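The lines below spell out each chain.
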Amino acid sequence: MKFKSFEDTGVSPSLLKVNINLKSVQPAHPEKNPEFSQIPEELLRKLQTLTFREKEILSMVATGRKSSEIAVELFISKHTVDTHRRHIISKLKITSILDWQRAAEYFYRSAY
């Protein structure tokens, strides 16, 4: 599904600016937090729909990198990074910053 603009997704443009730093995240401990004992099946299916580049960008977002930093590291434009982020938002049905954080955390912990 292609979008002409971010507004077509129906999600706040502020989600493009989300930076999540999970570098300090410890491995999941099911006995302490059963919510992270395994990746929810629905999210796992959605993660499988991401392209290699989208997974690469999601992993970089999960480590706290900004779009401009990702662009420099991958030798692509910031606009291209933002386009990939829009596609991630659409495919994972992200509607809030909390959704971004959860998706990034599950992705980061799963070493997808």
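This text follows the structure it describes.
The following refers to the structure shown. Model, not experiment: these values are computed from the prediction.

1. Considerations on helix H3 (residues 67-74)
- Ser67, Ile70, Ala71 and Leu74 are the residues of H3 that are buried. Each buried residue of H3 sits inside an arc of 100° when the element is viewed along its axis, so together they form one side.
- Looking at the buried residues of H3, the elements they touch are helix H2 (52-62) and helix H4 (78-92).
- Immediately downstream of H3, the backbone of phenylalanine 75 shows phi near 60°, a positive value.

2. So, the packing of aromatic side chains
- In total, this model carries 0 aromatic pairs according to the counting rule given.
- The ring of tryptophan 100 carries the charged tip of arginine 85 above its face, separated from the ring centre by 5.3 Å.

3. Brief notes about the packing of H2 against H3
- Put simply, H2 and H3 touch, their axes get as near as 10 Å, and they point 130° apart. Of the possible angle classes, the one that applies to H2 and H3 is oblique. Once H2 is placed against H3, the crossing between them reads as right-handed. Between H2 and H3, the residues in contact are Arg53, Glu56, Ile57, Met60 and Val61 and Ile70, Glu73 and Leu74, respectively.
- Of the residues that constitute the contact of H2 with H3, the class distribution is 5 nonpolar, no polar and 3 charged.

Cut-offs and rules
Residues numbered from 1 in each chain as written. Predicted model: local features only at pLDDT ≥ 70, side-chain atom pairs only at ≥ 80, totals over all residues. Heavy atoms only, no water. Buried < 20%, exposed > 50% of the residue type's maximum accessible area, 1.4 Å probe, protein only. Helix = DSSP H or I, 4+ residues; strand = E, 2+ residues; numbered from the N terminus. Arc of directions from axis to C-beta. Contact = heavy atoms within 4.5 Å. Phe/Tyr/Trp six-rings, centres within 6.5 Å; stacked < 30°, edge-to-face > 60°. Lys NZ or Arg CZ within 6 Å of the ring centre and 35° of its normal. Axes fitted to C-alpha atoms, helices over the stretch in contact; angles between N-to-C directions. Parallel < 35°, antiparallel > 145°, perpendicular 65-115°, else oblique. Left-handed = near helix turned anticlockwise from the far one by under 90°. Nonpolar A, V, L, I, M, F, W, Y, C, P; charged D, E, K, R; others polar.

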